[in-house]
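Architecture and fold: a report
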Amino acid sequence: MLIYNTLTRRKEEFKPLNPPNVTMYMCGPTVYDYFHIGNSRSFIMSDIVRRYLEYKGYKVKFVMNLTDIEDRIIKKSNEQQTTAEAISQFYIDAFFEDIEKLKVRKADFYPKATSHVEEMIELISDLERKGIAYNVDGDVFYNVKKFDGYGKLSGKKIDELEAGARVEVNEQKNSPLDFSLWKKAKPGEPSWDSPWGKGRPGWHIECSAMSTKHLGKTVDIHAGGNDLIFPHHENEIAQSEGVNENQFVKYWMHFGFLNIQNEKMSKSLGNFFTARDVLARHSAEAVRLFFSQTHYGGPLNFSDELLTSAQKGVDKIINLAERFEESIAKADENGIQPEFALKNFYNEFETVMDDDFNTPQAVAVIFDFVRAANKVIDENPNLTKSFLLELKNFLAKTAEDVLGVIHFADLRRDLHSSLDIDAINKMLEEREAAKKEKNYKLADEIRNKLNDLGLIIQDSKTGPTFKRK
RNA sequence: GGCGCUGUACCCAAGUGGCUUAAGGGGAAGCUCUGCAAAAGCUUUAUUCGUCGGUUCGAAUCCGACCGGCGCCUCCA
């Protein structure tokens, strides 16, 4: 399978270090606020990458960091007159709630920055010993010129960056490009003891330290949003490879932005919706299908209309899933087992996903399957149970397990929770009777009543069925 | 200024040299089924891929120029 590697700007054959094991590190949230729907794109797409690797038989160890010490957290804690810890814990809880609602699978481990200060100090000390880091009165900086490969990920050259001159001027730094490894404590800030005095770690150092500690010196995949390429990931490479001679990351993956009216959605521009706001209006499945319908690397515009269209697509898949559930319940092994190119659908799905996770084409394969499956059910009233189960399994393995755009367990729950099935069946029988007497007025009245209960009635050759609106 | 992404139907979007005289979803229109609906199926909806040139037997796909949109270079998924 091929993965586009930001480092080489090419699609490369994916060869993990120790197959079938795969190590994957994803840059997680800074927990100073609820995350927005743009952030969700990275979380969901990395989730899909991880799920597909598992589909392929890899054993993935997936680690996502939680940045729980950072300027914005400190600022908020001062504003609210509480501790940084209280702020970060509040938003960590919120993060897990939202991630669960988005049906993003939990990482194997969520290391917190504040639990790894010791490891970060060690790493900074190593850099200092090697003459790469320098201490200026309690602030420690990374000397960018001491690392030959600086700029290799983002394609930047040190000279040009300096010419750019948008870098903040800090008299203490040797060069404006040098970045903070350790920040000297200011009054009222949380701090830790270190060889350089009280202070707190810089932002970039945490990922180097935690990735190495939990996944080893070389990680197979390191992922994050496009905006992390520079400086964050560039600096991670400088830190980790400055200390360890071996390669820090084999495959760098970066996710495109979610835009609003062609502008990047971001907190600073104020043009964002939180994930929880969006999930109040749309299903997680619609959000996931919406993201899956475009390639992970490019930009994508967000709007409620687009999510509504995605929901229509989800409904189409759900409809088929419900047909499966109903027909499987009724079916046995006395029936027809027609020709069906199931193997081709699997092959197609894998071929396109193997090509750098081409989820839009994978979605297309699923919709092709939906049409073909509907057709075979239409044309054959008595299919065998095993045949139907095989078809259902395709949806379960692709649409559910990999893309997460449908969930069979939710279907059953939706149908059977908080509904008086007996009463509904009784109303349906009355309606059938009315229909037989051609008392359509009464039949429609009953249907309207069921509509008011939130049910959609569908007549079919085998009798009426119902589903939730 | 440097680096990178991007322009395909009414909307979203895949495809990066012949398998595609362009997938899939939404929308729209017609038909089948239906008491009517709904669902599903079938059919139709880009001779054309920002513009202009070039390379090639052959280009949406390669090259050049131009026009337009966006991002990073500062915290940001």
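Below or above, wherever it landed, is the structure these notes cover. Residue positions are counted from 1 within each chain, in the order its sequence is given. Each chain is given a letter, starting from A, and each ligand a number, starting from 1, according to the order in which they appear as written. Local features in this predicted model are restricted to residues of pLDDT 70 or higher, and side-chain atom pairs are both shown and tallied only at a pLDDT of 80 or more, whereas totals for entire chains, interfaces and linings draw on every residue. Hydrogens are left out, water is left out, and the side-chain values use all remaining heavy atoms of the structure.

Turning our attention to the overall build of chain A. We count a stretch as a helix when DSSP gives it H or I for four or more residues in a row; a strand needs E for two or more, and each element gets its number in order from the N terminus. Helix and strand counts for chain A come out as 16 helices and 15 strands. Considered along the principal axes of its C-alpha atoms, chain A spans approximately 95 × 50 × 35 Å. Note on classification: 1.4 Å probe, protein chains only; a residue is buried when its accessible area is under 20% of the maximum for its type, exposed when over 50%, partly exposed between these limits. Here chain A holds 469 residues, and the buried ones make up 53% of them. The contact rule is simple, with two residues in contact once any of their heavy atoms fall within 4.5 Å. Across chain A, the fraction of contacts at a sequence separation of at least 24, relative to all contacts at a separation of at least 6, is 75%. Areas reported as accessible are Shrake-Rupley estimates using a 1.4 Å probe. Residue values count occlusion only from the protein chains shown. Surface summary for chain A: the accessible area is close to 22200 Å², and the carbon and sulfur share equals 49%. For chain A, the distance from the average position of its 64 positive side-chain charges to the average position of its 73 negative side-chain charges is 2 Å. We treat Lys and Arg as the positive residues and Asp and Glu as the negative residues; His and chain ends play no part in the count. For charged residues, the charge sits on one atom: NZ in Lys, CZ in Arg, CG in Asp, CD in Glu.

Time to look at the environment of G242. Inspection of the secondary structure puts G242 in helix 7 (residues 229–243). Between the C-alpha atoms of G242 and K316, which are 74 residues apart in sequence, the distance is 52 Å. Residues contacting G242, with those up to four places away along its chain left out, are L127, K130, I132, Y142, F147 and I237.

For cavity detection a 1 Å grid was placed over the protein atoms alone, and a set of points counts as a cavity when a 1.4 Å probe fits there but cannot get out; an open set counts as a pocket when protein lies on both sides within 12 Å along at least five of seven lines, with lining residues being those that have an atom within 4 Å of a point. Grid points are joined across faces, edges and corners, and a volume is the space filled by probe spheres set on the points. A full pass over the atoms with the stated rule returns 1 cavity of 30 Å³ or more. Taken as a whole, the largest cavity holds about 40 Å³ of empty space. Listing elements by their share of the lining of the largest cavity, those giving two or more residues are helix 1 (37–55) and strand 4 (59–64). When residues of the lining of the largest cavity are assigned to their parent elements, the largest contribution, 4 residues, is made by helix 1.

Pairing between two strands is assigned when DSSP locates at least 2 bridges connecting them. Across 4 bridges, the pairing between strand 1 (residues 2–5) and strand 2 (residues 10–13) is antiparallel. Within strand 2, the residue paired with L2 across the bridge is E13. In this structure, the hairpin formed by strand 1 and strand 2 is closed by a connection of 4 residues, where R9 is found at a positive phi of approximately 55 degrees.

Looking at the element boundaries, T23 is found in strand 3 (residues 21–26). Judged by relative accessible area, T23 falls into the buried class, the value being 16%. Pairs of N or O atoms within 3.5 Å make up the polar contacts considered here, provided that, within protein, one atom can donate a hydrogen while the other can accept it, and that residues adjacent in sequence are counted only when both atoms are side-chain atoms. At a separation of 2.9 Å, a polar atom in the side chain of T23 contacts the main-chain amide nitrogen of D220. Other than its neighbours up to four places away in sequence, T23 contacts K61, L215, T218, V219, D220 and I221.

Moving on to the packing of aromatic side chains. Centre distance within 6.5 Å is the pairing criterion for rings of Phe, Tyr and Trp, where only the six-membered ring of Trp is used; planes under 30 degrees apart are then read as stacked, over 60 as edge-to-face, and the remainder as tilted. The full count for this structure, using the stated rule, is 30 aromatic pairs. Seen from their ring centres, Y55 and F349 are 5.7 Å apart, and the 65 degrees between their planes marks the pair as edge-to-face. Here Y55, found in helix 1, pairs with F349, found in helix 11 (residues 342–354); they are 294 residues apart in sequence, far enough to count as distant. What makes F349 buried here is its relative accessible area of 0%. On the numbers, 6.0 Å between centres and 90 degrees between planes, the contact of F340 with F369 is edge-to-face. Placement of F340 in the loop between helix 10 (304–330) and helix 11 and of F369 in helix 12 (residues 359–379) is noted, with a sequence separation of 29 residues between them. Ring-over charges, as used throughout, are those where CZ of Arg or NZ of Lys falls within 6 Å of the ring centre and within 35 degrees of the ring normal. Here the guanidinium or amino end of K264 rests over the ring plane of F257, the centre of that ring lying 4.5 Å away.

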